[in-house]
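# Architecture at a glance
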Amino acid sequence: MSEPGNRLGRLFSWDAAVVLVTVVVVLVASGAVENFGTSRNFTFLLLDLLPIALIALPMTFIIVTGEIDLSVASTLGLTSAVMGSLWDAGLSIEMIIPLCVVLGAILGAVNGFFVTVLKLPALAVTIGTLALYRGLAFVVLGDGAVADFPRDYTSWVTGTIGDGPIPNVLIPLIVVAALFGLVLHATPIGRSVFAAGAGEQAARFAGIRTGRLKFWLYVVSGAVAGVAGVLWTLRYSSARADNGFGLELAVVAAVLLGGVSIFGGKGTLPGVLAGVVLLASLQNALRLQDVSNEALNIVTGVLLIVSVLLPNIVSSARTALRRRNRATAPGAVSPER
Amino acid sequence: MNATKVAAPPRESSSDRSSWTANVFKARESGIVLALIVLVAFTATQNSRFLSGQSIRDILLGTAILAVLAVGQAVVIITRNIDLSVGSVLGLSAFAVGSLMRDNPGLPVIVAVLAGIAVGAVCGLLNGVLVRFGQVPALVVTLGTLYAFRGVSFFWAGGQQINADKLPASFLDFGTASILGIPWLVLIAVVVLVIAGIVLRSYRAGRELYAMGSSPQAAKLAGIKVGRNTSAAFLVSGALAGLAGVLFAARFGTVDAAAGTGYELNVVAAAVVGGVAVFGGSGSVWGAGLGALLLTVIGSALAVLDINQFWQQAIVGALILLAIGADRLVAVRVAKALKKRDSHV
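This text gives an overview of the structure that appears in the document.

Conventions we followed
- Residues numbered from 1 in each chain as written.
- Chains lettered and ligands numbered in written order.
- Predicted model: local features only at pLDDT ≥ 70, side-chain atom pairs only at ≥ 80, totals over all residues.
- Heavy atoms only, no water.
- Axes fitted to C-alpha atoms, helices over the stretch in contact; angles between N-to-C directions.
- Helix = DSSP H or I, 4+ residues; strand = E, 2+ residues; numbered from the N terminus.
- Parallel < 35°, antiparallel > 145°, perpendicular 65-115°, else oblique.
- Contact = heavy atoms within 4.5 Å.
- Nonpolar A, V, L, I, M, F, W, Y, C, P; charged D, E, K, R; others polar.
- Salt bridge = Lys/Arg side-chain N within 4 Å of Asp/Glu carboxyl O.
- Buried < 20%, exposed > 50% of the residue type's maximum accessible area, 1.4 Å probe, protein only.
- Polar contact = N/O pair within 3.5 Å; in protein donor to acceptor, adjacent residues only side chain to side chain.
- Patch = residues over 30% accessible without salt bridge, like charges linked within 9 Å, V, L, I, M, F, W, Y side chains within 5 Å.
- Areas by Shrake-Rupley, 256 points an atom, 1.4 Å probe, with all protein chains shown as cover.

Residues and elements named next belong to chain B. It is at 11 Å that the axes of helix H7 (residues 184–202) and helix H10 (residues 226–252) come closest, and there the two elements cross at 170°. Considering their axes alone, H7 and H10 lie roughly antiparallel with respect to each other. Facing Leu185, Ile188 and Val192 of H7, the residues of H10 in contact are Leu240, Leu243, Leu247 and Arg251. Across the contact of H7 with H10, the residue classes break down as six nonpolar, no polar and one charged.

As structure tokens, this is what we get:
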């Protein structure tokens, strides 16, 4: 968003910078990292970013309203565990999938209830449900796994269109992402989301029911995490209670990297998708270089911190620069103006 | 997240003369004590092993490590911040101390303790500096360092594990030995609790933390050095997590890069269940210590009662929700009562 109020202002737009960095990373990795540029790896890269991208969509809405949902990865895990035990119990997959999405929505509604009806801080609530849902996942499935899902479904999720590198699941993802983007940037709902994040009281005085809005955002977030749980399970043909463990970090990191302000009120969905691609490409390239998963955590953690620090550093540097200009040339018009 | 939310009226901090609010506070801590008594009594009737010397010892040792972490967390939460990185700091410190003692078996234990505290303090300082100068919510910073510090541990350990047979006997003795029947670890935890409790209650530095948590802006206007105190709070939390890492290594004797994974949840839960409000500005380290005891007893009771251990994490989550819900309820009632009182003046 290139409003004058943007932290980075006219120096450079954050979205554009993220897209640029993403392009550079992909180009450098294609040249320097063996196998990165292959179509097979491209498929894996897209499959890997799928759950992050999916969950990042509602997360963008929630963070723009100034709240957060740390329980998404646990919701994914619990959905996966329930999916496994229902399959074990003999239900048909056509029954299980909608049930899992509904379960996700209910888990999201629990978050929404605590945050909007009881007015508890989202951070504390979703840390609580992060533990609760993950714990319940283990209660449901223990530390075993359910693996014998129908071949039709698992091979569709891992498969590609024709013999090309594009995974089947990318098409619905693009449709859903476009839908979320339209709602956020071109409808009254989206404007309400930004208004609620920019100033909740003002938004309420303007007639926006911020509580109800946030409640439904949590429901959507839960439902989407449920969908991600189903896809995760089918992709790896494995329902496990610890599926998606720690994924909330990647999602929050991607959203903030995409230029959404953690303080609410600012952000764009295209920026977030660029953030997701950047994060996934970096991780993929490093993994191909035989960097361990644990070292990847350093990268993700540092990226998370940098993406929130950098805008602040740039804006305070600009303030300092303006002040110095004013001091050296009293009365002079600042060159930035 | 909710920086603009109006803080709950400080309960403990301004309650010396107002007996009503003091009673509410006491009621909250006595609630935990009651829950503890019921839980212990019930479990003991189901299985007498629960009150055996060894079982009590295990509970106390477990509580000691968690309580040291919870004290640091309480200090940070009182300033309306949060430190999610403590589990990773514990792991890093435990591995650092473990490898130090393995490579230098002659070192006295006190060196190990100081080294662990130093490692933790460096991590805590980094958190504090990032939160203070980055003007970024502590949640984001410490979520980032939670993974970054853990990554450093893995990088360093590279899959190796430090086993008890590689550690000097003096260090392992420290983990199990007791003085006058009280294990060293428990003594250390009690000393930490008492010092932190006294400083928070009676010293200016402590009172300033409550003021900051109640209203950061008012605290700043009142001349409190909010930034410096915030860094200090994170430093304390990090140093205590480092100390907890030493206690962890000494108690278990086996350390790998995954030590303390997921502890942050139990630590936040202990503090919050113990009445340290996530809105900042209220609570005590005594409560946090009691919270740590409650969580440890629950874990131990589940094992004794033959209930699936997986329930433990779910219970931790439910307790967090219950505690913040109860906290909200109390805050609303106190606010109402204060309003009522003011209207009679």
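That was the structure; now back to the text.
Moving on, we come to the pattern of salt bridges. All names here are of chain A. Going through the model one piece at a time under the given rule, you end up with nine salt bridges over all chains. As a salt-bridge pair, glutamate 200 and lysine 214 come within 3.0 Å of each other at their nearest N and O atoms. Of this pair, glutamate 200 sits in helix H9 (residues 200–205) while lysine 214 sits in helix H10 (residues 210–236), placing them 14 residues apart in sequence. By relative accessible area, which is 4% here, lysine 214 ends up buried. Counted as one network, the salt bridges with shared partners bring together Glu67, Glu200, Arg204 and Lys214.

All names here are of chain B. You can see threonine 63 is positioned in helix H2 (residues 53–78). Look at threonine 63 and you get buried, because its relative accessible area is 9%. Among all residues touching threonine 63, those that are not within four sequence positions of it are Gly289, Ala292, Leu293 and Thr296. A distance of 2.7 Å separates a polar atom in the side chain of threonine 63 from the backbone oxygen of isoleucine 59.

A separate point is a nonpolar patch on the surface. A cluster of nonpolar residues, B:Val190, B:Val191, B:Val194, B:Ile195, B:Ile198, B:Val199, B:Tyr203 and B:Trp286, forms a patch on the protein surface that exposes about 690 Å² of accessible area. Per-element tally for the nonpolar patch: the top contributor is H7(B), with six residues.

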